[in-house]
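# Geometric and topological summary
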Amino acid sequence: MKSLKWKIVLMYAMLVTFIMAVCGTYILLESRRNEYNSMQAEMQYLGGRIADAMEAADYDQQSPAGFFADIVTAWALETGGESAEQGQRIYFLDAQGHTLYSRSDDLTEEERASRQIQNGIQGNPPTQLYIHQNARGERVADWLTICTLEDSDYLILIRQSAERVQSSLRRTGNSILVACGLGIAVAAILGYVIAASITRPLMKLTQKTQRLAAGELKVAVEATAPPEDELEVLDNNFNEMALALGGMIDELNSEKDKLNEIFRFMTDGLLMYNTDGQLIQWNPAAIKLLGAKIRTQNLEKTFHPVKMYRILESNGVYSQLLQSGEGYVNAVFVPFRDETEDYAGFIVVLQDITERHKMEALQKEFVANVSHELRTPITTIKSYVETL
């Protein structure tokens, strides 16, 4: 997935997914907490009401279990069986945790060892629901209330099934999953639309830059003035850059054409070599002076016995007199550097000095003849003088 558009879509969808997952988890946890708090409040109210009724009613020497049964029966009639619908079971225990009354199965030894009952036996009222699995594997919530009858403590254990809460949480979780799925789908669509609006001008700009890199300098992208966003600012900047670059290239080409014309019509030969001694550029005058063979020869072969390291050691201008056919050529070697001040090659300027060499030869011949003519009569006069 190298496309910028799909990366934006993926990032947007992942961001929305993360946010919805966090929010969904928070909602689910809050729903669970609220459900159990509501259940605790109901069970706490019921336990407190039964305890208050037992403590306020006339005991009348009735057994505690019978007295409790009468109160629970009256409460069941009052509520119309609401507790049974909610899966509530009420146990009346003595101070040691033994069951005195129950409309359902008695507590097992394992259930009697639960945290709620043990805290009640020790006289510590509970502060929160005790959620656990009973002997039948059902998930239940326990709440314990302590009541006092004739200076004796009794425990009222209210046990309610937690399936209603679990079912509600499952429905909430399913709703959240559906909402997340819809949210992700909508986010993907919106992300695609947003990504397309961002990448479409970038794609156009990319195509223009490719054409610019290929040498098409007269290229521009559509832009508005004044620009409305950062992408349009980028388009305008690209247009300005393309125009400036085109102007610079035209100016460089013009200067290059001038230099080529000067280079081509120079009477002196001009050769350019790289640091390996390979010929990379020449002008017609150089071919005329040294012949076409120099195009396939390196520097040291063309100007034997010149060595490149000697040119570099000269730290300036190095020259050599060459004889080409019946003519004479003076070769001047100059090393040149690149922008990093490293040696990049050599420039060789060839000057045709054949006429000057001929003039120097004639001058030497004339001086020799004159010297000879002047020396001959002097010798004759000297011999005559010696004879006399």
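Described below are features of the structure shown in this document. For clarity, every value in this text was computed on a predicted model and none was experimentally measured.

Between two packed helices, both the angle of their axes relative to each other and the distance between the axes serve to describe the pair. Remark: helix H6 (residues 163-213) packs on helix H7 (residues 230-265), axes separated minimally by 11 Å, with the N-to-C direction vectors making an angle of 10°. It follows from the interaxial angle that H6 and H7 lie roughly parallel. For the pair H6 and H7, the contacting residues are Ser197, Ile198, Pro201, Leu202, Leu205, Lys208, Thr209 and Leu212 in the first and Leu231, Leu234, Asp235, Phe238, Met241 and Leu245 in the second. Residue classes in the contact of H6 with H7 are distributed as ten nonpolar, two polar and two charged.

Take the sheet that holds strand E10 (residues 343-352) next. Overall, antiparallel pairing links the five strands, which are arranged E7-E6-E10-E9-E8 in an open sheet. With one partner strand each, in any of the chains shown, strand E7 (279-282) and strand E8 (318-324) form the two edges of the open sheet. In this sheet, neighbouring strand axes are inclined to one another by 25° on average, regardless of whether the strands run parallel or antiparallel. Bridge count for strand E6 (residues 269-274) against E7 is three bridges, and the pairing is antiparallel. Along E7, the bridge assignment pairs Leu271 with Trp282.

A word on H7. Over its 36 residues, H7 runs 52 Å from end to end, which matches the ideal 52 Å to within 8%, given 1.5 Å per residue. Here H7 has its buried residues at Leu231, Glu232, Asp235, Asn236, Phe238, Asn239, Ala242, Gly246 and Phe263. On the buried face of H7, the contacting elements are H6, E6 and E7.

Our next topic: the packing of helix H1 (residues 4-56) against H6. Between H1 and H6, the least distance of the axes is 7 Å, while the angle of their chain directions is 160°. As far as their axial angle goes, H6 and H1 are roughly antiparallel. Considering the relative orientation of H1 and H6, their crossing is right-handed. A class-by-class count of the residues in the contact of H1 with H6 yields 25 nonpolar, ten polar and five charged.

Turning our eyes to something else, we now look at the pairing of strand E3 (residues 130-133). Burial along E3 is one-sided: the face carrying Tyr130 and His132 is buried and the face carrying Ile131 and Gln133 is not. In this structure, E3 lies alongside strand E4 (residues 139-149), joined through four bridges in antiparallel fashion. Among the inter-strand pairings, Ile131 is bridged to a residue of E4, identified as Ala141. Two successive antiparallel strands, E3 and E4, enclose a turn made up of five residues, where Gly137 displays a positive phi of approximately 80°.

What follows deals with the nonpolar core. Counting 27 residues, the largest nonpolar core has Ile50, Met54, Phe68, Ile90, Phe92 and Ile156 as its most contacted members. No other element matches the seven residues that H1 contributes to this core. Ranked by size, the runner-up nonpolar core spans 20 residues in total, among them Ile287, Phe303, Met308 and Val348.

Secondary-structure assignment places Cys147 in strand E4. Along the primary structure Cys147 and Ala53 are separated by 94 residues, whereas in three dimensions their C-alpha atoms are 9.8 Å apart. With residues near it in sequence (within four places) discarded, Cys147 still touches Ala51, Met54, Glu55, Phe92, Ser152, Asp153, Tyr154 and Ile156.

Calculation rules
- Per chain, the residues get numbers from 1 upward, laid out in the order the sequence is written.
- Residues qualify for local features only when their pLDDT is at least 70, as the model is predicted, and side-chain atom pairs are given and counted only at 80 or more; totals for whole chains, interfaces and linings, by contrast, use all residues.
- Hydrogens and waters are ignored; side-chain quantities use all the structure's heavy atoms.
- What counts as an axis is a line fitted to C-alpha atoms, over the stretch in contact for a helix, and the angles between N-to-C directions run from 0 to 180 degrees.
- Segments assigned H or I by DSSP are reported as helices when at least four residues long, segments assigned E as strands when at least two residues long, and all are numbered from the N terminus.
- Here the angle decides the label: under 35 degrees means roughly parallel, over 145 means roughly antiparallel, 65 to 115 means roughly perpendicular, and every other value means oblique.
- Contacts were defined at the residue level, with two residues in contact if any of their heavy atoms lie within 4.5 Å.
- Amino acids are sorted into nonpolar (Ala, Val, Leu, Ile, Met, Phe, Trp, Tyr, Cys and Pro), charged (Asp, Glu, Lys and Arg) and polar (every other residue, Gly among them).
- Two strands form a pair only when DSSP identifies at least two bridges running between them.
- Multiplying one less than the number of residues by 1.5 Å gives the expected span of a helix.
- Under the scheme applied here, a residue whose accessible area is under 20% of the maximum for its type counts as buried, over 50% as exposed, and between as partly exposed, the area being computed with a 1.4 Å probe on protein chains only.
- When the near helix sits turned anticlockwise from the far one by under a right angle, the crossing is termed left-handed; a clockwise turn instead gives a right-handed crossing.
- Residues belong to a common nonpolar core when they are buried Ala, Val, Leu, Ile, Met, Phe, Trp, Tyr or Cys residues joined through side-chain atoms within 4.5 Å.

Bear in mind that shape data such as this cannot, by itself, settle questions of function.
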